[in-house]
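Examination of the molecular architecture
Given next are the chains, with one letter for each unit.
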Amino acid sequence: MTKEMTEGSPLRLIFNFSLPLILGSLLQQTYSLIDAAIVGKYLGINDLAAVGASTSVVFLIIGFCTGCCCGFGIPVAQAFGARSYSDLRRYVANSLWVSLIISVVLAVVTSLLCERILFMMQTPHDIFHHAYLYLLVTFIGIPFTFLYNLLSSLIRALGDSKTPFYFLLMAAILNIVLDLFCILILHWGVAGAAIATVFSQAVSALLCLYYMFRKFDILKMEKGETALDKHYIKGLLDMGVPMGLQFSITAIGSIILQTSVNSLGSLAVTSVTAAQKICAIVMGPLESLGITMATFCGQNLGAKKFYRIRDGIRLSMYVSMCYCAFCIAFLWILGKYTAYLFLDPSETEVIRLAVQYMRWNAVFYPVLGVLFILRNSLQGMGYSLMPMMAGVSELAARSLVCFGFVPTFGYMAAIMASPLAWIFADVLLIIVYFVDMRKLKRRLVPAEAAMAA
């Protein structure tokens, strides 16, 4: 069921749209945590470290896929807001063709290069083999991951954030069952955890595709609308590629951070893996709020409603700050106990380091909340280049800390790498936001006033 976000209370629309996204993010991170919990509890901390050593590389590739898919959804949201339904269907059809090509090429290239990537990251010898198996299976499954993220983005662009959540819920339950089956019954180790995740995503993607074309009347293609078209491909790539690169640039910074953590030994790798699993769950609602703003701004840009865009961004900032205050309190008080979910209490040093990582990152979550909202809002309004440059500033900050300070100051410097990267990105995004909003006001306000008259 489609839903326009161009009429009604912005706060209510943003909340109702973001709630399924938040639940979906929590669910996705929860079954990622369960992956780690099963691996850590039943296979040991070396296997958990192998998964952790692979995480930043997976984020690099899957992040590019996710960014492209989010970008592909923005022209669809804008066409939907403008009620240009023929253009909308052409964007959808061309996004499927482009995604198929990109995902297959990525799957082949990354599968061939994953061993070399792990060598370049200085992955410790005792976890190298298992990290390789986990990466290889994940890369082979890229087309299914790409398809699910694309379809979720397209459905969200039409105002429906609930349907992707339902399919994600089903995939999460399937993933947990398959995790236990592949690891405890078939004894496939960390490769079994990766196989369970890929298979679950494949089922979710195929069901999402079936549902989308059966239930959305607006997507019933007419003659000629399924053909490849240079104009629509260019519109998709203009938004998708910069967003994909922005995700990848951020991920490269994470790889640099992971490489510096790897140099500190398996104990540091395990503690950061544990902390990042918890932090990813806690940060999920912030990211979901940002994704909501991309759809909200995209639809209202198509409808030429400037003041709704401005008010929506302002209200989402208030919501973000309230949530960040909760996160800080939660991680400082209960962070230690969350680590027990997948680490044995006897691993006291690993737990101490993990709690230290979580607490200091939490202090800077308000900075991260601003980053998510401004970056996604600007992308929803069609400004894709500067958010990508904000990703470059993140990369520069992480690189400076990892190469310049981690060798001297060790684990504490690794902890501060991400917060400093968020600050660098925010400085650029805040400047760009105010400049672009002035331009947008001059362009949209006359049209908005004419529509009201």
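To start, this report covers the structure provided alongside it. (Residues numbered from 1 in each chain as written. Predicted model: local features only at pLDDT ≥ 70, side-chain atom pairs only at ≥ 80, totals over all residues. Heavy atoms only, no water.)

The helix and strand inventory of the protein stands at 15 helices and zero strands. Relative to the 2.2 N^0.38 estimate, which gives 22 Å for 453 residues, the radius of gyration of the protein is 21 Å and therefore close to what a compact globule would have. Expressed along its principal axes, the backbone C-alpha trace of the protein runs to roughly 70 × 40 × 35 Å. Counting all 453 residues of the protein, 59% fall into the buried class. Nonlocal contacts in the protein, meaning residues at least 24 apart in sequence, comprise 86% of its contacts between residues at least 6 apart. (Helix = DSSP H or I, 4+ residues; strand = E, 2+ residues; numbered from the N terminus. Rg over C-alpha atoms; globule rule 2.2 N^0.38 Å. Buried < 20%, exposed > 50% of the residue type's maximum accessible area, 1.4 Å probe, protein only. Contact = heavy atoms within 4.5 Å.)

This part is about the environment of Y132. One can find Y132 in helix α4 (residues 125-140). Y132 gets classed as partly exposed once you look at its relative accessible area, which sits at 21%. Measuring from C-alpha to C-alpha, the distance between Y132 and F167 comes to 29 Å, with 35 residues separating the pair along the chain. The contacts of Y132, once residues within four sequence positions are left out, are C114, E115 and L118.

Contact geometry of α4 with helix α7 (residues 189-215) gives a least axis separation of 8 Å together with a crossing angle of 15°. With respect to α7, the element α4 is oriented roughly parallel. As for the relative orientation of α4 and α7, their crossing is right-handed in sense. Touching H130, L133, Y134, V137 and T138 of α4 are V190, A191, A193, A194, I195 and V198, all from α7. Taken together, the residues of the contact of α4 with α7 break down into nine nonpolar, two polar and no charged. (Axes fitted to C-alpha atoms, helices over the stretch in contact; angles between N-to-C directions. Parallel < 35°, antiparallel > 145°, perpendicular 65-115°, else oblique. Left-handed = near helix turned anticlockwise from the far one by under 90°. Nonpolar A, V, L, I, M, F, W, Y, C, P; charged D, E, K, R; others polar.)

Here we come to the side chain of S200. Tracing the sequence through the fold places S200 in helix α7. Residues contacting S200, with those up to four places away along its chain left out, are A171, L174, N175 and L178.

Summed over the entire model, instances satisfying the criterion amount to nine salt bridges. As a salt-bridge pair, R310 and D311 come within 3.1 Å of each other at their nearest N and O atoms. Among the salt bridges present, the one from E394 reaches R398, with a minimum N-O distance of 3.6 Å. Residue E394 and its partner R398 are located together in helix α13 (residues 385-404), separated by four residues, close to a single helical turn. Per residue, the accessibility class of E394 equals that of R398, and both read buried. Salt bridges linked by common partners bring R89, E222 and E225 together as one network. (Salt bridge = Lys/Arg side-chain N within 4 Å of Asp/Glu carboxyl O.)

Counted under the stated rule, the structure contains zero disulfides. C65 provides the cysteine sulfur closest to C69, a residue in no disulfide bond, and the two sulfurs are 6.7 Å apart. The thiol sulfur of C208 is not disulfide-bonded, and the nearest other cysteine sulfur, from C69, lies at 11 Å. Overall, the relative accessible area of 0% leaves C208 in the buried class. (Disulfide = S-S within 2.5 Å.)

Its 24 residues give helix α6 (residues 162-185) an end-to-end C-alpha distance of 34 Å, which sits within 8% of 34 Å, the value for a rise of 1.5 Å per residue. Every buried residue of α6 is listed here: T163, P164, F165, F167, L168, A171, A172, N175, L178, D179, C182 and I183. One or two positions beyond α6, positive phi appears at H187, with a value near 60°. (Expected span 1.5 Å × (residues − 1).)

The next thing to look at is the packing of α6 against α7. With their axes 8 Å apart at the nearest point, α6 and α7 run at an angle of 155° to one another. With respect to α7, the axis of α6 lies roughly antiparallel. Along this stretch, α6 crosses α7, giving a crossing that reads as right-handed. The segment α6 lies against α7, with T163, F167, L168, M170, A171, L174, N175, L178, D179, C182 and I183 engaging G189, G192, A193, A196, T197, F199, S200, V203, S204, L207, C208 and Y211. Residue classes in the contact of α6 with α7 are distributed as 15 nonpolar, seven polar and one charged.

With 82 residues, the main nonpolar core has I309, I313, Y357, Y365, M381 and L440 as its most contacted residues. Excluding its chain neighbours within four sequence positions, the residues that come into contact with Y357 are L257, V272, A275, Q276, C279, Y411, I415 and S418. Core analysis: the second largest hydrophobic core is formed by 53 residues, M121, I142, Y148 and L154 among them. (Core = buried A, V, L, I, M, F, W, Y, C linked by side-chain atoms within 4.5 Å.)

Space left empty within the atom packing is revealed by a probe, the size of a water molecule, rolled over the atoms. Per the stated rule, a full pass over the model turns up two cavities of 30 Å³ or more. What the second largest cavity holds in volume is close to 120 Å³. In terms of lining, the second largest cavity is formed by C70, G73, I74, A77, S153, R156, A157, M243, I291, A294, T295 and N376. Contributing elements (two or more residues each) for the lining of the second largest cavity: α2 (45-81), α5 (142-157) and α9 (266-302). (1 Å grid on protein atoms, 1.4 Å probe; cavity = no way out; pocket = protein on both sides within 12 Å on 5 of 7 lines; lining within 4 Å. Points joined across faces, edges and corners; volume = space filled by probe spheres on them.)

To continue, consider the packing of aromatic side chains. Evaluated as defined, the whole model comprises 13 aromatic pairs. Judged by centre distance (6.2 Å) and plane angle (45°), the rings of Y365 and W422 are tilted. Residue Y365 is found in helix α12 (residues 365-380), and its partner W422 is found in helix α15 (residues 411-452); the two are separated by 57 residues along the sequence. Each of the two residues, Y365 as well as W422, counts as buried. Among the aromatic residues, those joined into a ring-pair cluster are F167, Y211 and F216. (Phe/Tyr/Trp six-rings, centres within 6.5 Å; stacked < 30°, edge-to-face > 60°.)

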